[in-house]
Amino acid sequence: QQPVQSPQAVILREGEDAVINCSSSKALYSVHWYRQKHGEAPVFLMILLKGGEQKGHEKISASFNEKKQQSSLYLTASQLSYSGTYFCGTQRPGNKLTFGGGTRVLVKP
Amino acid sequence: NAGVTQTPKFRILKIGQSMTLQCTQDMNHNYMYWYRQDPGMGLKLIYYSVGAGITDKGEVPNGYNVSRSTTEDFPLRLELAAPSQTSVYFCASSYAPLAPYEQYFGPGTRLTVT
């Protein structure tokens, strides 16, 4: 079952923060985060395993709440290069990745 | 390493035509995947492979076929193209299917069926 991402889109000024959420109705083994620039392939950001682990990539970090089956991606002090579409991919034990519908992020100067 | 490469980059097909999308990876990954991405949408898994000679269906396999004769190559065949198959197709590979192994994506093939 496809995870639900929110919000669908967000517009930021450079230096502002944003949070993207990814929720599943099923128990998860891991959550993957990818970023896709317009016309390009998705690029891996980070993986979170169940256990509430927090990870970071540049000034982008994420958490995984196992109780809620939800992951949140935190864009801190956003840069112009953060613009793109962010996808979460959820993985149940033994299953393939299932991607959410994406969150479009636009960072303006 | 070139990573994951895909050919062609763009293709226009007429309804009913067939074609093969090529995918090659040089990372010696056992797991390979084909996804389609419709405009403004997420990625849907078409087929995947866990190694040479082994393939299985994903979420949206109808209208497609795959084969995996070598570790490196995982071609996707479209038979009797339909307008609903207009999409961007991404091939990906990973060392293993479960985390902590990430998927590496190719640059994609933009297919239009008219």
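Up top is the structure these notes are about.
Residues numbered from 1 in each chain as written. Chains lettered and ligands numbered in written order. Predicted model: local features only at pLDDT ≥ 70, side-chain atom pairs only at ≥ 80, totals over all residues. Heavy atoms only, no water.

Caption draft 1: Region of the structure containing the layout of surface pockets. Considered as a void within the structure, the largest pocket measures approximately 600 Å³ in volume. Lining the largest pocket are 30 residues, and of these Gln 36, Lys 37, His 38 and Gly 39 of chain A together with Arg 110 of chain B lie nearest its centre. When residues of the lining of the largest pocket are traced back to their parent elements, those giving at least two are strand E2 (9–13), strand E9 (84–91) and strand E11 (103–108) of chain A together with strand E9 (87–94) of chain B. When the residues that make up the lining of the largest pocket are grouped by side-chain class, the tally is 12 nonpolar, 12 polar and six charged. Counted as a void, the second largest pocket has a volume near 170 Å³. (1 Å grid on protein atoms, 1.4 Å probe; cavity = no way out; pocket = protein on both sides within 12 Å on 5 of 7 lines; lining within 4 Å. Points joined across faces, edges and corners; volume = space filled by probe spheres on them. Helix = DSSP H or I, 4+ residues; strand = E, 2+ residues; numbered from the N terminus. Nonpolar A, V, L, I, M, F, W, Y, C, P; charged D, E, K, R; others polar.)

Caption draft 2: Inspection of the environment of Ala 9 of chain A at higher detail. All names here are of chain A. Positionally, Ala 9 belongs in strand E2. When the C-alpha positions of Ala 9 and Leu 106 are compared, they lie 8.1 Å apart, and in sequence the two are 97 residues distant. Residues in contact with Ala 9, not counting those within four places in the same chain, are Thr 103 and Arg 104. (Contact = heavy atoms within 4.5 Å.)

Caption draft 3: Fine view of the pairing of E9 of chain B. Residues and elements named next belong to chain B. Within E9, eight of the eight residues are buried, leaving the element largely enclosed by the surrounding structure. What you see with E9 is no split at all: Ser 87, Tyr 89, Cys 91 and Ser 93 on one side and Val 88, Phe 90, Ala 92 and Ser 94 on the other are buried throughout. Relative to E9, strand E4 (residues 31–37) runs antiparallel, the two being bridged by seven bridges. The residue of E9 that forms the bridge with Tyr 31 is Ser 94. As judged from the three bridges shared by E9 and strand E11 (residues 109–113), these two strands associate in the antiparallel manner. Note on E11: the bridge partner recorded for Val 88 is Arg 110. Bridge count between E9 and strand E10 (residues 104–105): two bridges; the pairing is antiparallel. What sits directly across from Ser 93, in E10, is Tyr 104. (Buried < 20%, exposed > 50% of the residue type's maximum accessible area, 1.4 Å probe, protein only. Pairing = 2+ DSSP bridges.)

Caption draft 4: Structural view of the interface of chain A and chain B. Across the boundary between the two partners, chain A contributes 23 residues, which contact 21 residues of chain B. Buried surface at the junction of chain A and chain B, summed over both partners, amounts to about 1,700 Å²; 60% is from carbon and sulfur atoms. Looking only at chain A, the three residues that lose the most surface to chain B are Pro 42, Lys 96 and Phe 99 of chain A, adding up to 28% of its buried area. Joining chain A to chain B, the criterion identifies zero salt bridges. In this structure, the connection of chain A to chain B is made through four residue pairs in polar contact (both at pLDDT 80 or more). Breaking the side of chain A that touches chain B down by element, the ones donating at least two residues are strand E4 (30–36), strand E5 (43–49), E9 and strand E10 (97–99) of chain A. In terms of residues, the side of chain A that touches chain B owes the most to one element, E4 of chain A, which gives four residues. Residue composition of the side of chain A that touches chain B, by class: 10 nonpolar, 10 polar and three charged. (Buried area = accessible area lost by both parts, 1.4 Å probe. Salt bridge = Lys/Arg side-chain N within 4 Å of Asp/Glu carboxyl O. Polar contact = N/O pair within 3.5 Å; in protein donor to acceptor, adjacent residues only side chain to side chain.)

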